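# Close look at the chain arrangement
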Amino acid sequence: MDSNNTLVGFGAGKVILLGEHSVVYGYPALAGPLSRGVTARGEASNKCQLVIPEALTPEQRKVLKAAFGRAMAACDEPGVRVSFNTDLPLSMGLGSSGALSVACARVLLQAAGRKASAMDVANVAWEMEQEFHGTPSGVDHTTSALEQLILYRRKPGAESGRSKVVESPKPVRLVVVMAGARSPTKTTVGALRERQKRWSERYQRVFREIGLLASEGAEAVEEGDLEALGDVMNVNHGLLAALGLSSPGLDDMVHRLRNMGALGAKLTGAGGDGGAVIGLFHDTAPAVHELTRQGFRCFDSQLAGPREEGATRGAA
């Protein structure tokens, strides 16, 4: 609790380092928590309720209310009034709904007087994520709840996914930059699903290769081989482009980051017309400074590895 007896829960945003889209089809993905995310606050109330932002559309309000309803039912509807704010760019493939789900889950579990281990939080957040996405892979809320770089896989037909924490002897630092507005995830995913139904064997080969890249990337992280990790990221972007998931704007930003010295750069998330692009750097500060000077929205984040003394995950 903070000084006003307010319950506080943080849900980290997430970035998929390797393996987006193929993770939906049962292959592994390498994902890590961002320094930015959603902070939920809970105050004592005579009923369990969520303060819904006025800026949301009627449809967004309906979905959010239904999602929160599932989470509060999972926590036996404790008497708490939950509000939230975010410093995470929305609708950019950075796991904003998963972060919100985790933040709300943490507050609800605290209000119910129940333990809030990472898995307990993930289980409650999963209720919300199913309402948001229908059949999510589970990688977003799991990464947010664990707040560690993980190799995640949910095999077809499995009720839940499995995650392995991936540790690094060296800092794994990314620059995350916004490259224009993107299409809704459902639109991009749906179009890809139709193509893979039509040419199943071809698309499954590409998904399988992306899954192998995710596993190779995890090994590179564990070995502290950032150059190898960067190369895997570059190859992964090429395969995502081959699947029809990139765009001139995303490709331009990928090449801009590489020209700035990124060891590897790729789109992250669903892709489409725009969205977020990530670049792996030994030192992120010069790239963030230059991109900001050029007028791009960006920030840096460390996903794994030793941190400078005094540094925290929550520091952007």
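The structure contained in this document is the topic of the report that follows. Everything quoted here is computed from the prediction, not taken from an experiment. (Residues numbered from 1 in each chain as written. Predicted model: local features only at pLDDT ≥ 70, side-chain atom pairs only at ≥ 80, totals over all residues. Heavy atoms only, no water.)

## A few points about the overall build of the chain
Across its full length, the chain holds nine helices and ten strands. Expressed as a percentage of the 316 residues in the chain, the buried residues total 50%. Looking at the chain alone, contacts between residues at least 24 apart form 75% of all its contacts between residues at least 6 apart. Approximately 14300 Å² of the chain is accessible, and the part contributed by carbon and sulfur atoms is 48%. Taking the average place of the 35 positive charges on the side chains of the chain and the average place of its 34 negative ones, the gap between the two points comes to 6 Å. (Helix = DSSP H or I, 4+ residues; strand = E, 2+ residues; numbered from the N terminus. Buried < 20%, exposed > 50% of the residue type's maximum accessible area, 1.4 Å probe, protein only. Contact = heavy atoms within 4.5 Å. Areas by Shrake-Rupley, 256 points an atom, 1.4 Å probe, with all protein chains shown as cover. Lys, Arg positive; Asp, Glu negative; His and termini not counted. Charge placed at Lys NZ, Arg CZ, Asp CG, Glu CD.)

## Focus on the nonpolar core
In summary, soluble globular proteins display a tendency toward joint burial of nonpolar side chains. Ranked by size, the top nonpolar core spans 87 residues in total, and within it Leu17, Leu30, Val82, Leu94, Leu108, Leu229 and Leu257 carry the most contacts. Within the second largest apolar cluster, eight residues are counted, among which are Ile16, Val23, Ile150 and Tyr152. (Core = buried A, V, L, I, M, F, W, Y, C linked by side-chain atoms within 4.5 Å.)

## Description of the layout of surface pockets
Put simply, the largest pocket is a space of about 1500 Å³. Surrounding the largest pocket, 48 residues form its lining, Ser97, Phe132, His133, Arg182 and Thr185 being those nearest its centre. For the lining of the largest pocket, the leading source of residues is helix H5 (residues 185-198), giving five residues. Looking at side-chain class alone, the lining of the largest pocket contains 20 nonpolar, 19 polar and nine charged residues. (1 Å grid on protein atoms, 1.4 Å probe; cavity = no way out; pocket = protein on both sides within 12 Å on 5 of 7 lines; lining within 4 Å. Points joined across faces, edges and corners; volume = space filled by probe spheres on them. Nonpolar A, V, L, I, M, F, W, Y, C, P; charged D, E, K, R; others polar.)

## Regarding the sheet that holds strand S10 (residues 298-304)
Within the open sheet, the four strands sit side by side as S8-S9-S7-S10. Their pairing is antiparallel. The two strands at the open ends of the sheet, each matched to only one other strand, are strand S8 (264-268) and S10. The sheet shows a mean angle of 30 degrees between the axes of neighbouring strands, taken without regard to direction. As paired elements, strand S7 (residues 172-178) and strand S9 (residues 276-281) share six bridges and run antiparallel to each other. (Pairing = 2+ DSSP bridges. Axes fitted to C-alpha atoms, helices over the stretch in contact; angles between N-to-C directions.)

## Here's the deal with the packing of helix H2 (residues 96-111) against helix H4 (residues 139-146)
In the contact formed by H2 and H4, the axes pass within 8 Å of each other and the chain directions differ by 50 degrees. Looking at the two axes, H2 sits oblique to H4. Note on packing geometry: the crossing formed by H2 with H4 is right-handed. For the pair H2 and H4, the contacting residues are Gly98, Ala99, Val102 and Arg106 in the first and Asp140, His141, Ser144 and Ala145 in the second. (Parallel < 35°, antiparallel > 145°, perpendicular 65-115°, else oblique. Left-handed = near helix turned anticlockwise from the far one by under 90°.)

## Looking at the environment of isoleucine 16
By the element assignment, isoleucine 16 lies in strand S1 (residues 7-18). On the basis of relative accessible area, isoleucine 16 is assigned to the buried category, the value being 5%. Measuring from C-alpha to C-alpha, the distance between isoleucine 16 and valine 139 comes to 8.7 Å, with 123 residues separating the pair along the chain. With residues near it in sequence (within four places) discarded, isoleucine 16 still touches Leu30, Ala31, Val139, Lys266, Thr268 and Ile278.

## Remarks on the packing of helix H1 (residues 58-74) against helix H3 (residues 118-133)
Direction vectors running N to C along H1 and H3 enclose 155 degrees, while the axes themselves pass 8 Å from each other. Relative to H3, the element H1 is oriented roughly antiparallel. Handedness of the H1/H3 crossing: right-handed. Counting all contacts with H1, which are made through Val63, Leu64, Ala66, Ala67, Phe68, Arg70, Ala71 and Ala74, the residues of H3 involved are Val124, Glu127, Met128, Gln130, Glu131 and Phe132.

## Considerations on the environment of alanine 265
Tracing the backbone shows alanine 265 in strand S8. For the pair alanine 265 and valine 254, spaced eleven residues apart in sequence, the C-alpha separation works out to 5.4 Å. If we ignore the near neighbours within four places in the chain, the residues touching alanine 265 are Met233, Asn234, His237, Val254, Leu257, Arg258, Ile278 and Gly279.

## Here's the deal with the side chain of arginine 106
Along the chain, arginine 106 turns up in helix H2. The buried charged residue arginine 106 lacks any salt bridge partner; its closest oppositely charged side chain belongs to glutamate 147, at an N-O distance of 4.0 Å. (Salt bridge = Lys/Arg side-chain N within 4 Å of Asp/Glu carboxyl O.)

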